[in-house]
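Spelled out, the chains give:
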Amino acid sequence: MSSETSHHKPRVAVVFGGRSSEHAISVLTAGAVLRAIDREKYDVLPIGITTDGRWALTADDPERMAIADRQLPTVAALAESTEGAVVLPVDPTNREVVYSEPGSVPKALGEVDVVFPVLHGPYGEDGTLQGLLELSGVPYVGSGVLASAVGQDKDYMKRVFTSFGLPVGPYEVIRPREWETDPMAARRKIVDFAAEHGWPLFVKPARAGSSMGITKVNDLGGLDEAIEEARRHDPKILVESLLRGREIECGVLEFEDGPRASVPAEIPPVTAHDFYDFEAKYIDSAAGIVPAPLTAEQTAKVQELAVAAFDAASCEGLVRADFFLQDNGEFVINEINTLPGFTPISMYPRMWQESGVSYPELIDRLLQAALHRSTGLR
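What you see is a predicted model; the values in this text were computed from it and never measured.

A.B. asks: Provide a residue-level description of the overall build of the protein chain, including the pertinent values.
C.D. replies: When its secondary structure is counted, the protein chain shows twelve helices and 16 strands. Expected size for 378 residues packed as a compact globule is a radius of gyration near 21 Å; at 21 Å, the protein chain falls within 12% of this value. Residue burial in the protein chain is summarised as follows: out of 378 residues, 55% are buried. Considering only intrachain contacts with a sequence separation of at least 6, the fraction spanning at least 24 residues in the protein chain is 66%. Carbon and sulfur atoms provide 51% of the accessible area of the protein chain, an area that totals close to 16,300 Å².

A.B. asks: Outline the state of the cysteines, supporting the account with residue identities and numerical values.
C.D. replies: Enumeration according to the criterion identifies zero disulfides in this entry. Cys315 provides the cysteine sulfur closest to Cys250, a residue in no disulfide bond, and the two sulfurs are 13 Å apart. By relative accessible area, which is 0% here, Cys250 ends up buried.

A.B. asks: Run through the sheet that holds strand E2 (residues 43-49), naming residues and quoting values.
C.D. replies: Spatially, the four strands line up as an open sheet ordered E3-E2-E1-E7, and their pairing is mixed. Edge positions in the open sheet fall to strand E3 (55-57) and strand E7 (114-117), since each of these has one partner strand only. Going from strand to strand, the sheet's axes swing by 30° on average, the running direction of each strand aside. Relative to E2, strand E1 (residues 11-17) runs parallel, the two being bridged by seven bridges. Its bridge partner lying in E2, Val14 is registered against Pro46. Docked against the sheet, helix H12 (residues 359-371) engages E1 and E7, running at close to 130° with respect to E7.

A.B. asks: How would you sum up the sheet that holds strand E4 (residues 85-87)? Please name residues and give values.
C.D. replies: Spatial strand order, E4-E5-E6: three strands in an open sheet with antiparallel pairing. What marks the edges here is a single partner per strand, and that holds for E4 and strand E6 (107-111). Geometrically, the sheet is characterised by an average inter-axis angle of 25° between neighbouring strands, direction not taken into account. Pairing geometry for E4 and strand E5 (residues 96-100), over three bridges, is antiparallel. Its bridge partner lying in E5, Val87 is registered against Val98.

A.B. asks: I'd like a description of helix H3 (residues 128-136), backed by residues and values.
C.D. replies: Among the residues making up H3, those that are buried are Leu129, Gln130, Gly131, Leu133, Glu134 and Ser136. Elements in contact with the buried residues of H3: E3, E7 and helix H4 (145-152). Taken from the residues just after H3, Gly137 is the one with a positive phi, measuring 70°.

A.B. asks: Describe a nonpolar patch on the surface, listing the residues and the values that go with them.
C.D. replies: On the surface, Val191, Trp199 and Leu220 cluster together to form a nonpolar patch covering roughly 240 Å² of accessible area. Along the polypeptide, Leu220 turns up in the loop between strand E10 (215-217) and helix H8 (223-233).

A.B. asks: Which residues make up the pattern of salt bridges, and what are the values?
C.D. replies: For the structure on display, the rule yields 28 salt bridges. The closest approach of N and O atoms between Asp224 and Arg187, which form a salt bridge, is 2.7 Å. With Asp224 in helix H8 and Arg187 in helix H7 (residues 183-197), this residue pair connects regions lying 37 residues apart in the sequence. Assessed through its relative accessible area of 36%, Asp224 is described here as partly exposed.

A.B. asks: An account of the pairing of strand E11 (residues 237-241) is requested, with residue identities and associated values reported.
C.D. replies: By the criterion of burial, E11 is predominantly enclosed, with five of the five residues buried. Neither face of E11 is open: one carries Ile237, Val239 and Ser241, the other Leu238 and Glu240, and all of them are buried. Pairing of strand E8 (residues 171-174) with E11, which is carried by four bridges, proceeds in the antiparallel orientation. Opposite Ile174, over in E11, you have Ile237 as the bridge partner.

A.B. asks: Describe the confidence of the model for the protein chain, and please don't skip the residues or the numbers.
C.D. replies: Per-residue confidence for the protein chain gives a mean pLDDT of 90, with 93% of residues at or over 70. Highest mean pLDDT in the protein chain belongs to helix H10 (residues 296-312) (98); lowest belongs to helix H9 (residues 278-283) (48).

A.B. asks: Mind laying out the nonpolar core, listing which residues take part and the relevant values?
C.D. replies: Membership of the largest hydrophobic core comes to 36 residues, with the highest contact counts inside it found for Val14, Phe16, Phe116, Phe342 and Ile363. Broken down by secondary-structure element, the contributors of at least two residues to this core are E1, helix H1 (23-36), helix H2 (75-78), E7, strand E12 (245-255), helix H11 (347-354) and H12. A per-element tally of this core places H12 first, with seven residues. Core analysis: the second largest hydrophobic core is formed by 26 residues, Met157, Val160, Val319 and Phe331 among them.

A.B. asks: Can you tell me about the environment of Glu172, naming the residues and giving the values?
C.D. replies: Structurally, Glu172 can be placed in strand E8. Considered as a pair, Glu172 and Ile190 are 18 residues apart in the sequence and their alpha carbons are 7.3 Å apart. When near neighbours in sequence (up to four residues on either side) are disregarded, Glu172 contacts Lys189, Phe193, Ile237, Leu238 and Val239.

A.B. asks: Can you break down the side chain of Ser81 residue by residue, with the values?
C.D. replies: Position of Ser81 relative to the elements: it lies in the loop between H2 and E4. Separated by 3.0 Å, the side chain of Ser81 and the backbone nitrogen of Glu83 make a polar contact.

A.B. asks: Which residues make up H8, and what values do they have?
C.D. replies: Restricting attention to buried positions, one finds in H8 the residues Leu223, Ala226, Ile227 and Ala230. One face of H8 carries all of its buried residues, which in axial projection span an arc of 100°. Away from the buried face of H8 by more than 90 degrees, exposed residues Glu225 and Arg232 are located. The inward-facing, buried residues of H8 abut helix H6 (176-181), H7, strand E9 (201-205), E10 and E11.

Conventions used here
- Residues numbered from 1 in each chain as written.
- Predicted model: local features only at pLDDT ≥ 70, side-chain atom pairs only at ≥ 80, totals over all residues.
- Heavy atoms only, no water.
- Helix = DSSP H or I, 4+ residues; strand = E, 2+ residues; numbered from the N terminus.
- Rg over C-alpha atoms; globule rule 2.2 N^0.38 Å.
- Buried < 20%, exposed > 50% of the residue type's maximum accessible area, 1.4 Å probe, protein only.
- Contact = heavy atoms within 4.5 Å.
- Areas by Shrake-Rupley, 256 points an atom, 1.4 Å probe, with all protein chains shown as cover.
- Disulfide = S-S within 2.5 Å.
- Pairing = 2+ DSSP bridges.
- Axes fitted to C-alpha atoms, helices over the stretch in contact; angles between N-to-C directions.
- Patch = residues over 30% accessible without salt bridge, like charges linked within 9 Å, V, L, I, M, F, W, Y side chains within 5 Å.
- Salt bridge = Lys/Arg side-chain N within 4 Å of Asp/Glu carboxyl O.
- pLDDT = per-residue confidence, 0-100.
- Core = buried A, V, L, I, M, F, W, Y, C linked by side-chain atoms within 4.5 Å.
- Polar contact = N/O pair within 3.5 Å; in protein donor to acceptor, adjacent residues only side chain to side chain.
- Arc of directions from axis to C-beta.

This is how it looks when you write it as structure tokens:
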């Protein structure tokens, strides 16, 4: 039964982990979300997806979903069994979640009213999980299939933004077939791009996040190694020119009257790292400045662009939009993140906290919006 007809508290399945290289970041996010959900208002069912794709029943223990001694958490360490699996029926008339272990009778875990997917990267944030939930008829937090896919693939994301007249920086894409059939030609394509836009370049996976697999390449000598590192995460790679300026982020949250932008934040230069990479974000906890020290006009402009990016990609629920404020005073949109991190140091909840929406209220708003949004075409 759904939350609309039941007098019981809505049941939230927090789904986290996953098969992408951002597995551990998803676990960190889940820990923070589990701490923030109002247990007086919602029942919670934590479901972890292991790196090999098994849906596991996990302990509702946020304290174990944190970095300890610079070690990242995993679903495998949280799972209640090494073999048990959680199954979500692909049947819109049945929302009952079942747990089964080899040699045991399957156990019903009850019905789920809404899913809060805190998966980052492929096989979760990219529309694949959203498609499964659409087939199952289960409401979920965040964007639908199309917007999730566009938000994951930086190539098509930039194409969409460009078609809507949003400013993007110079970039080049090397598709899997290009590299596999003629790596020399693909390399020349990058060298020609560098000749036009200058070194250094950033070589990154086209469909990864959390700064995974990104290399700053200062000259031709480091190019092959950077390509291989990016391809370790994704066979499709993106090459971007260095944009000189300040890194500005802005959160977008869907309210009853439509999407609104938060106060923006600034990511200051990280002296211990060459750029804002994975370790700077999650291990060494680089601190962003909230709100960003911008003029009123600059703040209004980046908020306008953030909402425009949200609308351009047909997003729902939430988005974090990342920009460069160039030395010439113009903003360029770098990317959007349809399921931004919710770790204690993550910028998205910090920006909304500064905008007057507390962390628990933020989680509640997202869940309520999902509960009142139908699946299917909308």
